[in-house]
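Report on the structure
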Amino acid sequence: MRYLTAGESHGPQLTAIIEGVPSNLPFSVDKINEQLARRQKGHGRGRRMQIEKDQVKVLSGVRHGYTTGAPITLVVENNDWTHWQGIMSAEPVEGAEEKRRVSRPRPGHADLNGAIKYHQRDMRNILERSSARETTIRVAVGAVARQLLEAFGIRIGGQVLQIGNVVAKRVDLPLDELITRTEESPVRCLDEEAAPLMMAAIDKAKEEGDSLGGIVEVIVDGVPIGLGSHVQWDRKLDGRLAQAVMSIQAFKGVEIGIGFEAAGKPGSQVHDEILWNEETGYSRKTNRAGGLEGGMSTGMPIVVRGVMKPIPTLYKPLMSVDIDTREAFSASIERSDSCAVPAASVVAEAVVAWEIASAMCEKFPSDSMDDMLENVSQYRAYTEKF
């Protein structure tokens, strides 16, 4: 499977074209809209989320509730477009060229690098596409991937483990319970003591014109043994998952399983002992590897964490340089969140879902879900008896 996205933060819409989804997959628009709604929630979100009520439109590749095997086109319209039509028009509009022009790059953003790379004197041409608004359509794409995974009993959940300097105790729960409980938390955190402290930290940062980052965790349960491969670097599933999570705007680090903690432990406290059960086949006594060894899934839950830096758009802006005058100025201010970590947790689930679904389609290539379901069933029976 593959996909491309297009669209700007204040343009008319965000678009994705997905290719390679097998035919006859039961397809629900409501399930996509549920994921879009999850992305818009979270303590610390800004006024943009009061404007946008994201809903997907499916323009191709689905008929009467089932995929056809043809490319799927998804569209999410930007309600804020009504206020930006002149500024963001594809056709020249007299007097609009200088309106909302950006000449003062924001530290931590793509503004200056992108302007230099693409020869743009108005950095709005950079920030509109580099904006995290783009993650809206990636969540929609991930929601399609989720529906494919659900057909094979593969579930995905996520949680927030840290916001600012507030670190939550990691709670191990069955995935269904984790999903239910995180939906009830404004910061998607299971630690009932840490959650209110996180919200207080977000409120304080907002009052001070500042922003906060954090750590999110994604868990995938029900993945069969052997997705990915050890034979080439670009086929290793852990590498692909790391790239996917790092591609999310403002993410600066990824770890799998115990991750960086492994550097300070002996091998006896890092590797997972192998067990055999007559009914279920192979498993691991522990899951420190996070469900991945040698670039392949082990059959244990896949556990991926990502570090999100504080959002670089600050209402108490840092100093920058005006590219027109070369003089020092406060950086430009664009409408933004004080903390988007809870929302980023949903985005992380989406990009991980896509990579797992893609790996399933590579391991079990099929034009239709009928064939794919049969192939997966036979493979699981084989792994249980290996």
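Residues numbered from 1 in each chain as written. Predicted model: local features only at pLDDT ≥ 70, side-chain atom pairs only at ≥ 80, totals over all residues. Heavy atoms only, no water.

- By the naming in an unreviewed UniProt entry, the protein is Chorismate synthase, taken from Brevibacillus ruminantium.
- Under the Subunit (unreviewed entry) heading, UniProt states for the protein: "Homotetramer."
- Check the Sequence similarities (unreviewed entry) section of the UniProt entry for the protein; it says "Belongs to the chorismate synthase family." (UniProt positions renumbered as here; feature names shortened; annotations may be inferred.)

1. So, the side chain of R133
- Tracing the sequence through the fold places R133 in the loop between helix 4 (124-130) and helix 5 (135-150).
- For R133, a relative accessible area of 4% corresponds to the buried category.
- A distance of 2.8 Å separates polar atoms of two side chains, one belonging to R133 and the other to D54. (Helix = DSSP H or I, 4+ residues; strand = E, 2+ residues; numbered from the N terminus. Buried < 20%, exposed > 50% of the residue type's maximum accessible area, 1.4 Å probe, protein only. Polar contact = N/O pair within 3.5 Å; in protein donor to acceptor, adjacent residues only side chain to side chain.)

2. Comments concerning the pattern of salt bridges
- Scanning all chains against the criterion turns up 29 salt bridges.
- The residue E183 makes a salt bridge to R38 at a minimum N-O spacing of 2.7 Å. Of this pair, E183 sits in helix 6 (residues 175-183) while R38 sits in helix 1 (residues 29-40); the two residues are 145 residues apart in sequence, bridging distant segments of the chain.
- With a relative accessible area of 10%, R38 lands in the buried category.
- A salt bridge links R181 to E177, with the shortest nitrogen-to-oxygen separation between them at 3.9 Å. Taken together, the residues span about one helical turn, with R181 and E177 both in helix 6 at a distance of four residues.
- For R181, a relative accessible area of 26% gives the class partly exposed. (Salt bridge = Lys/Arg side-chain N within 4 Å of Asp/Glu carboxyl O.)

3. Some thoughts on the sheet that holds strand 10 (residues 251-256)
- Overall, antiparallel pairing links the five strands, which are arranged 8-7-9-15-10 in an open sheet. Across the chains shown, the open sheet's two edge strands, defined by having one partner strand only, are strand 8 (166-167) and strand 10.
- The pairing of strand 7 (residues 155-163) with strand 9 (residues 214-221) spans eight bridges and is antiparallel. Residue pairing in the sheet places Q162 in a bridge with I215 of strand 9.
- Set on the sheet, helix 6 makes contact with strand 7 and strand 9; between it and strand 7 the angle comes to about 55°.
- Against the sheet, helix 9 (residues 341-363) makes contact with strand 7, strand 9, strand 10 and strand 15 (302-308), and its axis sits at roughly 145° relative to strand 7, the strand it touches most. (Pairing = 2+ DSSP bridges. Contact = heavy atoms within 4.5 Å. Axes fitted to C-alpha atoms, helices over the stretch in contact; angles between N-to-C directions.)

4. A closer look at the UniProt feature "binding site: FMN" (unreviewed entry) in the protein
- Mapped onto this numbering, the UniProt entry annotates "binding site: FMN" (unreviewed entry) at R129, S130, S131, Q249, A250, G294, K309, P310, I311, P312, T313 and R335.
- Along the chain, K309 turns up in the loop between strand 15 and strand 16 (319-321).
- On the basis of relative accessibility, which here comes to 23%, the residue K309 falls in the partly exposed class.
- Looking at the secondary structure, you find T313 in the loop between strand 15 and strand 16.
- For T313, a relative accessible area of 4% corresponds to the buried category.
- Here the side chain of T313 touches R106 through a polar contact of 2.8 Å, side chain to side chain.

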